Amino acid sequence: MAGFDQDIELSAYSHSHGLGISGNGRSGRQRSIAEVSSFTLGGASPSPRTKSFADVSPGGSHGRSKSIVAASDGAGGGFHGTMSRFVDSFRRGDGTINKNLDFDDDNNTSSHGYSSHSISRGHGGTRYYDLRPGTGKINTPSSLLARELKGRHLQMIAIGGSIGTGLFVASGKTLSDGGPASVLIAYLIIGVMLFCTIQALGELAVIFPVAGSFSAFSTRFLDPSWGFAMGWNYALQWIGVLPLEVLAGAMTIGYWNKEINKAIFVTIFLVIIFIINLFGAKGYGEAEFIFAIIKVTAVVGFILLGIVINIGGTPTEGYIGGKYWEDPGAFHNGFKGLCSVFVTAAFAFAGTELVGLAAAETANPRKSLPTAIKQVFWRISLFYIVSMTLIGLLVPYNEPRLLNAQNIADASASPFVIAIESAGATVLPSVMNGVILISVISVGNSAVYGSSRTLAALAELGQAPAILAYVDRRGRPIVAILVTMAVGLLAYLGDVPSQKNIFDWLLAISGLSSILTWASTCLAHIRLRKAWAYNHRSVQDIAFKAQGGVIGSWIGFILNFLVLVTQIWVSIDPLHQGDTPLTTKERVRSFFVSCLAIPVVLICTIVHKWYYKTKWVRIEDMDVDTGRRDFGRLGIIKAQEKEERMGWPRWKRVYRFMC
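Residues numbered from 1 in each chain as written. Predicted model: local features only at pLDDT ≥ 70, side-chain atom pairs only at ≥ 80, totals over all residues. Heavy atoms only, no water.

### Description of the overall build of the protein
Stage number 1. The helix and strand inventory of the protein stands at 28 helices and four strands.
Stage number 2. Looking at the protein as a whole, 58% of its 659 residues are labelled buried.
Stage number 3. Nonlocal contacts in the protein, meaning residues at least 24 apart in sequence, comprise 79% of its contacts between residues at least 6 apart.
Stage number 4. Carbon together with sulfur atoms contributes 64% to the accessible area of the protein, which is approximately 26,300 Å² in total. (Helix = DSSP H or I, 4+ residues; strand = E, 2+ residues; numbered from the N terminus. Buried < 20%, exposed > 50% of the residue type's maximum accessible area, 1.4 Å probe, protein only. Contact = heavy atoms within 4.5 Å. Areas by Shrake-Rupley, 256 points an atom, 1.4 Å probe, with all protein chains shown as cover.)

Quick look at the structure:
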């Protein structure tokens, strides 16, 4: 079944275009069509090794075909040949193979017959946003991005891909602000909210595995202007996270040597992240696969150690149990303390949705994504709820090291490290800090991946500078990657005296961005189901159905909205230590530091709507077909899947339902 989806895609194309292809499901980005078939669109290929797919495509002989020939010619050129191929890989890709494997005509039109080259058209002397080409362009699977991610990559991205400073370090701030009970309640609420959201995202992404998914879904099912704002909101979120994580890694080094210059390790981390992203989607997937295994092992190890410490006690005390829930107490700062925990908890969960963004670069999302989406439940339950419960039992909220943290990235204030140090361990705290370092690289890697793909998708729609849409022959949005890495240079400001302010504003960019993205995803899913019913489609035709259905999406949307409201309240009237009341200037700063994403999104939406005169997308105008990889061959795929399921034993049926 792994290659079935692609086999059908090749077969369907060969029948509709008179092309005989006997491939094995791998439409590699650097293989000529002659390598998998003795026929081309023009008939038999007289020279199997020199005639590439691009040579017979409507676009003529250019792009990737030249790189194939160059690679063949320079294969034996030693170092010179290797460098030649390396440089050649950065040239613009033409997407010939992906483009021709879609069910579009030769003029690059969508399945509905309209051109997808422009989204701004003249209409009575005014500009307006033409939704049809916008939908066709971003929602067709003919992306230049390489489809190299596999099921195991998606599963590890879903389970532990974005576990980083949000959980390991910033959780200390949530504990000191709200107390252990507030932390547990907040993480449970955010967990339920995110479970519903990711289920909705899974259904959307399996049906439409497209680049720039969050922007695309909002544009398609809500409002083009809101989609524009969501795209930039999500891109800016990860752009802000990159320097934040890199600087956190440099500060973690200070655990061993406080005198060392942070700039040295900022450079090292940025170079490592850039090199990983040079390997494209497959490099990202393999790196995250390894990083996630390490992080998952560390969290499971901490949970086991935490249970032992709680029962066995520390060198200075005996059995701990729930003593810290009584003294200093379960709650701190009352209801406001609970509300203040939400946004930091959301920051810890941010990145779970990356599995939906990766759908566009997955070989078979119909099979791989559902399994990965189901893993999110275990991630929420095990890595967040259980670990934070143990943290609340092992570390009191008035622990001095929590209160003296320089910022949310100060690894010395990590409650995980504090809990282990309190047990008298000498080596394990260093091991935990090593895991935090790996997590920093992992989340920084995810930040470059998430922002670069979103920027490239926005540029494809004409919603960002066109140069950001540049995708090279290896399927990498190389310009968008370079832009993101350039912003990462802000991490060098970590040595300046005002580093806390820098951290605050970087966090402000990404703080509420996730909440807005998740709420939009839930609402887009609700609207998709309405459009699906309006077009007389059966829910049984949906490969992966959200386990909570539409009700689950409403629960996710409402919880996202409530978290947003509580955060606005806390930002206007923040927690304050001391008797001196906050000045108006301090309150204004507190609001923008906590809620900067809200004015950014509103400004983007209003300006775009004023410029293009967009309107809320009506149900009858929604296109529920363009961009589906199973379009036109759903019956065959469903029959194959049914036959496969019939052979499963009962234990596997239960396992596949849960995982």
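### Observations regarding the environment of Gly-227
Stage number 1. Among the secondary structure elements, Gly-227 is positioned in helix H11 (residues 224–253).
Stage number 2. Its relative accessible area of 0% is what places Gly-227 among the buried residues.
Stage number 3. Spatially, the C-alpha atoms of Gly-227 and Thr-517 are 10.0 Å apart, while their sequence positions differ by 290 residues.
Stage number 4. Non-local contacts of Gly-227, meaning those with residues more than four positions away in its chain, are made with Ser-215, Ser-218 and Thr-219.

### Some points on a nonpolar patch on the surface
Stage number 1. On the surface, a nonpolar cluster with roughly 470 Å² of combined accessible area is contributed by Trp-554, Ile-558, Phe-561, Leu-562 and Val-565.
Stage number 2. Relative to the helices and strands, Val-565 resides in helix H24 (residues 549–572).
Stage number 3. For Val-565, a relative accessible area of 40% puts it in the partly exposed group. (Patch = residues over 30% accessible without salt bridge, like charges linked within 9 Å, V, L, I, M, F, W, Y side chains within 5 Å. Salt bridge = Lys/Arg side-chain N within 4 Å of Asp/Glu carboxyl O.)

### Focus on the confidence of the model for the protein
Atom-level detail of predicted coordinates should not be read off regions where pLDDT is low.
Stage number 1. Summing up the model confidence of the protein, the mean pLDDT is 75 and the portion of residues at 70 or higher is 73%.
Stage number 2. Strand S1 (residues 39–40) is the least confidently modelled element of the protein, averaging 32 in pLDDT, while helix H23 (residues 513–534) averages 93, the highest of any element.
Stage number 3. In the predicted structure, residues 1–75 sits below a pLDDT of 50 and forms 133 contacts with residues beyond four places in sequence or in another chain.
Stage number 4. The model gives residues 133–142 a pLDDT under 50, and that stretch makes 41 contacts with residues more than four places away or in other chains. (pLDDT = per-residue confidence, 0-100.)

### Comments concerning the packing of aromatic side chains
Stage number 1. A full pass over the atoms with the stated rule returns 15 aromatic pairs.
Stage number 2. A centroid spacing of 4.1 Å and a plane angle of 25° characterise the contact between Phe-349 and Tyr-384, whose relative ring orientation is stacked. Here Phe-349 is found in helix H15 (residues 334–349), whereas its partner Tyr-384 is found in helix H17 (residues 365–394), with 35 residues between them in sequence. Tyr-384 shares its class with Phe-349; the two are buried.
Stage number 3. With centroids separated by 5.3 Å and ring planes inclined at 80°, the aromatic side chains of Phe-591 and Phe-592 adopt a geometry described as edge-to-face.
Stage number 4. Classification of Phe-592 by relative accessible area gives partly exposed; the value is 34%.
Stage number 5. A cation sits over an aromatic face here: Arg-220 above Phe-208, 4.2 Å from the ring centre.
Stage number 6. For the cation-ring pair, Lys-613 lies above Trp-610, with the distance from its terminal atom to the ring centre recorded as 5.7 Å. (Phe/Tyr/Trp six-rings, centres within 6.5 Å; stacked < 30°, edge-to-face > 60°. Lys NZ or Arg CZ within 6 Å of the ring centre and 35° of its normal.)

### Some points on the packing of helix H10 (residues 213–221) against H23
Stage number 1. Between H10 and H23, the shortest axis-to-axis distance is 9 Å and the interhelical angle comes to 45°. By the angle between their axes, H10 is oblique relative to H23. Between H10 and H23 the crossing geometry is left-handed. Each of Phe-214, Phe-217, Ser-218 and Phe-221 in H10 lies in contact with H23, whose residues at this interface are Thr-517, Ser-520, Thr-521, Ala-524, Arg-527 and Leu-528.
Stage number 2. Taken together, the residues of the contact of H10 with H23 sort by class into five nonpolar, four polar and one charged. (Axes fitted to C-alpha atoms, helices over the stretch in contact; angles between N-to-C directions. Parallel < 35°, antiparallel > 145°, perpendicular 65-115°, else oblique. Left-handed = near helix turned anticlockwise from the far one by under 90°. Nonpolar A, V, L, I, M, F, W, Y, C, P; charged D, E, K, R; others polar.)

### Examining the side chain of Ser-590
Stage number 1. Secondary-structure assignment places Ser-590 in helix H25 (residues 584–595).
Stage number 2. Looking at Ser-590, the relative accessible area reads 14%, which means it is buried.
Stage number 3. When sequence neighbours within four positions are dropped, the list of residues in contact with Ser-590 reads Ser-571 and Pro-574.

### Examining the side chain of Thr-521
Stage number 1. For Thr-521, the position within the fold is in helix H23.
Stage number 2. Accessibility expressed as a relative area gives 5% for Thr-521, which makes it buried.
Stage number 3. Sequence-distant contacts of Thr-521, defined by excluding residues within four places in its chain, comprise Thr-197, Ala-200, Leu-201, Leu-204 and Phe-214.

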